[in-house]
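This is what each chain is made of:
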Amino acid sequence: MICFSVATGVISGGASAVAGQEAQRDRTDGQPQPHVVDVVAEVCGDEPGNAVDLAAEGIGAGILVADDPLGARARFAHDLFRDVLYEGLPARDRLSLHLQVGGALEQRHDTSNRAHPSEIARHFAAAIALDGPDRALRWALAAAAADRASLAFAESASYLGRVRVAAETNGV
């Protein structure tokens, strides 16, 4: 349950995600992006079925809120749950989890195109101290291109700004 909760906190963008930036927000309703149980399971080295059971336990306890009837997508019921878990992690563990989540989302994108480049970019920018700038920049450019195509120019520029800040902050 610990890995599940912590990975969920990192995926949904803990309080310090990407050089002080706010959590990734869903473009339709302003809510934090729900975590996807299969990504959490991969990061934790567990089976998706076990992760669904853990999500159901979190939903039953009122810590998570289901975003689909099957429990495959959920989010924290309150930002404080996410922030306490995220801030309680040592910095190196946070970076490592962002790198693992970025890798899992990257793989998901490559195999099924079911991860938005902005989600992947956020995690690799957060892990730039461990992973270097290459993947962070590649996914920031992909996220910027996707948003530029939908005329979201401010968001498009923000991805590149996050990578720049993360690189400068970490001396990369």
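Our subject is the structure that appears above.
Residues numbered from 1 in each chain as written. Predicted model: local features only at pLDDT ≥ 70, side-chain atom pairs only at ≥ 80, totals over all residues. Heavy atoms only, no water.

Notes on the nonpolar core
Test applied: We define a nonpolar core as any set of buried Ala, Val, Leu, Ile, Met, Phe, Trp, Tyr and Cys residues linked to one another through side-chain atoms lying within 4.5 Å. Exposed residues in this analysis have more than 50% of their type's maximum accessible area, buried residues have under 20%, and partly exposed residues fall in between, with area computed by a 1.4 Å probe over protein chains only. The helix and strand labels rest on DSSP assignments: H or I over at least four residues marks a helix, E over at least two residues marks a strand, and numbering proceeds from the N terminus. Should any heavy atoms of two residues lie within 4.5 Å, those residues are considered in contact.
Core analysis: the largest hydrophobic core is formed by 23 residues, its most contacted members being Leu105, Ile120, Ile128 and Val163. Those elements that provide at least two residues to this core are α3 (37-44), α6 (91-112), α7 (117-126), α9 (133-149) and α10 (153-169). For this core, the element with the highest residue contribution is α9, accounting for 5 residues. Beyond its immediate chain neighbours, meaning those up to four positions away, Ile120 contacts Gly102, Leu105, Glu106, His109, Ala115 and Trp139.

Comments concerning the side chain of Asp147
Applied cut-off: Polar contact is defined as a pair of N or O atoms within 3.5 Å, subject to the rule that within protein one atom must be able to donate a hydrogen and the other to accept it, and that residues adjacent in sequence are counted only when both atoms are side-chain atoms.
One can find Asp147 in helix α9. Under the relative-accessibility criterion, Asp147 is labelled buried at 2%. One polar contact links Asp147 to Tyr159, side chain to side chain, over a distance of 2.8 Å.

Here we look at α7
Among the 10 residues of α7, 10 are classified as buried, and the element is accordingly described as predominantly covered. Of all the positions in α7, only Pro117, Ser118, Glu119, Ile120, Ala121, Arg122, His123, Phe124, Ala125 and Ala126 are classed as buried.

Limitation: the analysis is restricted to geometry and does not speak to function.
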